Amino acid sequence: MPQPQEVYLEARVLAHLGLGADPGPAPATPSGGIRRLMAQLAPDKRGMGPSPLLALDTSPTADPAVRRAAVDRRLDKMDAHEVAADFLERRRTGDPWWERGRPFPLTADTRAWLLRCGGPVAPVDGLLRRWSEAGPDEDVTTPEFRTTLREGRHGPAVALPSVDTLLRTLVGRLRQAGLLPPEHRVTLVRKVWTSAVAVPVRVPGRSVLVLSSTPAVPALAHLLHELAHVSEHALRAPELALEVRWCFDPVRSEGWALLLESLATDPLWLASLDLSHPFTEAVRVTATYTELLDRQMFRAAAALDDELPPDATSADALTLTHDLIARLGIARVPQALLQDASDGLQVRAYLAGFAWRDEALSCLTGRWGSRWWAEPAAWAAVRDVLRGDGDARSAVAALASDAAASAA
């Protein structure tokens, strides 16, 4: 029987997303963690319209390059010193500053993983240039080239399957693996052009999945990533306390989503989907190189935080930002990198998530080989980990233990 707080939380989340009526004042709860959870996930904004994230998009402008250019223009108009000052103010609010606002504290192991997740910031433009065979008139350091690459519009044109076709294909595969139990409901919200986003509503029980209605090469990888988040909502053990079920370790969550997304770079797994080879090859190449770009930009944002002294001024922050942009070899306004750095927990969760993914993949391939995804026992080990409430370190340790036990 769901708790009153759980029923109310579901209604508040749906109302915040513009998908339901406001349920009114919150019921009394003895747990401060639950109160903080409600405040973070479903803030009280009565009288306001739907969240811009999920409001249905009827814009006729489906061209992402047009929208991206508008974002770039908006950022460029912002005062760089003000953006830098805002970033520095955030850094003065705690140690580590990016943990502020979480309803549940990070574990010591996860915090340590996030703190050491940086690394050298090296340009990958030479590799991108060799891959793309770009000539002197096609500069791979420009935002236009990278936007084209991220959106799968570089290289020969390929026939794109509909988003519904991809969704049916991937959901069928994940159901076979036991990752999406049919009793977990998923509400779909379609927009003209957006990245896929998964939002928990009841854990387990219900999620909202935002997806683009515009076919694109990267859609397959994006859907894999967000369906991984849905599976984490769906597989959390219902007997756990409400507070525990909603406590998602950021490194474990992003690491698991990156693990499932990595199938988009596996030619054998892609070949098993019964989709056209030109499309799946475009998916593989695009996913491989966009990961390089993502890791590069996340490292740059983390480096901006790591390399700035505690008493840095906004002028110091801008100087380092320009230096990082030069090291990256990319034409990017400093306001964009400063905004990335301001979202410190997400940046670090992705960077540490890549490391978590690599450790988890080592466990899976070490026991079941490169085609681990074809082994029911491998998926059983993954499901066991997702059902638990452990943090990032204990989750990968449990996966290693399950793999070892299966080999015995």
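Just above sits the structure.
Residues numbered from 1 in each chain as written. Predicted model: local features only at pLDDT ≥ 70, side-chain atom pairs only at ≥ 80, totals over all residues. Heavy atoms only, no water.

Chemist: Before we go on, may I ask you to explain helix α14 (residues 314–328) in this structure?
Modeler: Structurally, the α-helix is built with 3.6 residues per turn, so residues lying three or four positions apart point the same way. Its 15 residues give α14 an end-to-end C-alpha distance of 21 Å, which sits within 8% of 21 Å, the value for a rise of 1.5 Å per residue. Within α14, burial applies to A317, L318, L320, T321, L324, I325 and L328. Along the axis of α14, the buried residues cluster in a sector spanning 165°; they form a single face. Exposed residues on α14 whose side chains face more than 90 degrees from its buried face are T319 and A326. On its buried face, α14 sits against α4 (80–91), α6 (125–132), α13 (277–307) and α15 (334–342). Positive backbone phi, at 70°, marks G329, one or two positions downstream of α14. (Helix = DSSP H or I, 4+ residues; strand = E, 2+ residues; numbered from the N terminus. Expected span 1.5 Å × (residues − 1). Buried < 20%, exposed > 50% of the residue type's maximum accessible area, 1.4 Å probe, protein only. Arc of directions from axis to C-beta. Contact = heavy atoms within 4.5 Å.)

Chemist: For this particular structure, what's the right way to read the pattern of salt bridges?
Modeler: Oppositely charged side chains are able to pair whenever their charged atoms sit close together. Taken as a whole, this structure holds 21 salt bridges when the rule is applied. Across the pair E281 and R284 runs a salt bridge whose closest N-O atoms are separated by 2.6 Å. Of this pair, E281 and R284 both sit in helix α13, three residues apart, which is roughly one turn of that helix. When its relative accessible area of 25% is taken as the criterion, R284 is described as partly exposed. A cluster of three or more residues bridged by salt bridges with shared partners is formed by E10, R185, R202 and R206. (Salt bridge = Lys/Arg side-chain N within 4 Å of Asp/Glu carboxyl O.)

Chemist: Just to check I follow, could you spell out the packing of aromatic side chains for this structure?
Modeler: By convention here, two paired aromatic rings are described through the distance between centres and the angle between planes. Per the counting criterion, the structure on display carries three aromatic pairs. Relative to W97, the ring of F87 has its centre 5.9 Å away and its plane inclined at 80°; by these criteria the two rings are edge-to-face. Within this pair, whereas F87 is found in helix α4, its partner W97 is found in the loop between α4 and α5 (108–115), the two being separated by ten residues in sequence. For F87, a relative accessible area of 0% corresponds to the buried category. The aromatic ring of F354 is capped on one face by R295, whose charged end is 4.3 Å from the ring centroid. (Phe/Tyr/Trp six-rings, centres within 6.5 Å; stacked < 30°, edge-to-face > 60°. Lys NZ or Arg CZ within 6 Å of the ring centre and 35° of its normal.)

Chemist: Please clarify how the pairing of strand β3 (residues 206–212) should be interpreted in this entry.
Modeler: Consecutive side chains of a regular strand alternate in pointing toward one face of the sheet and then the other. Across the seven residues that make up β3, a large majority, seven, are buried. Residue alternation in β3 divides its side chains into two sets, R206, V208, V210 and S212 and S207, L209 and L211, and both sets are buried. Judged from the seven bridges that link them, strand β1 (residues 185–191) and β3 form a sheet pairing that is parallel. Bridge pairing links V189 to V210 in β3. (Pairing = 2+ DSSP bridges.)

Chemist: Before we go on, may I ask you to explain the nonpolar core in this structure?
Modeler: When a protein is soluble and globular, its nonpolar side chains tend to lie buried together. Grouped together as the largest cluster of nonpolar side chains are 95 residues, with contacts concentrated most on L179, L220, W256, W356, W372 and W379. In terms of residues, this core owes the most to one element, helix α16 (residues 344–368), which gives 13 residues. Residues within four places of W372 in sequence aside, it is in contact with L259, L263, L361, L364, T365, A378 and W379. Of all hydrophobic cores here, the second largest spans 18 residues; its members include M38, V199, V201 and V208. (Core = buried A, V, L, I, M, F, W, Y, C linked by side-chain atoms within 4.5 Å.)

Chemist: Is there a simple way to think about the sheet that holds strand β2 (residues 197–202) in this case?
Modeler: In a beta sheet, neighbouring strands pair by backbone hydrogen bonds and run either parallel or antiparallel. Strand order in the open sheet made by the three strands is β1-β3-β2, with mixed pairing throughout. The two strands at the open ends of the sheet, each matched to only one other strand, are β1 and β2. Strand-to-strand twist in this sheet, taken as the mean axis angle between neighbours without regard to direction, amounts to 20°. In terms of strand pairing, β2 meets β3 through five bridges, oriented antiparallel. Each bridged residue has a counterpart across the sheet, and for P200 the counterpart in β3 is S207. Packed on one face of the sheet, helix α1 (residues 4–16) meets β1, β2 and β3 and runs near 145° to β2. (Axes fitted to C-alpha atoms, helices over the stretch in contact; angles between N-to-C directions.)

Chemist: Whenever I open this one, the environment of E243 confuses me. Can you help?
Modeler: Positionally, E243 belongs in helix α10 (residues 242–245). For E243 and I34, which are 209 residues apart along the polypeptide, the C-alpha to C-alpha distance reads 6.2 Å.

Chemist: What exactly am I supposed to notice about the environment of H277 here?
Modeler: The residue H277 is located in helix α13 in this model. Relative accessible area serves as the criterion here: at 57%, H277 is assigned to the exposed category. For H277 and P267, which are ten residues apart along the polypeptide, the C-alpha to C-alpha distance reads 9.5 Å.

Chemist: When you look at the packing of helix α9 (residues 219–235) against helix α17 (residues 376–387) in this model, what are you seeing that I'm missing?
Modeler: To characterise two packed helices, one gives the angle between the axes of the helices and the distance between these axes. Direction vectors running N to C along α9 and α17 enclose 65°, while the axes themselves pass 8 Å from each other. For the element pair α9 / α17, the angle class is roughly perpendicular. For the element pair α9 and α17, the recorded crossing hand is right-handed. When α9 is examined against α17, the residues S231, E232 and L235 are found in contact with a partner set consisting of R383, L386 and R387. (Parallel < 35°, antiparallel > 145°, perpendicular 65-115°, else oblique. Left-handed = near helix turned anticlockwise from the far one by under 90°.)

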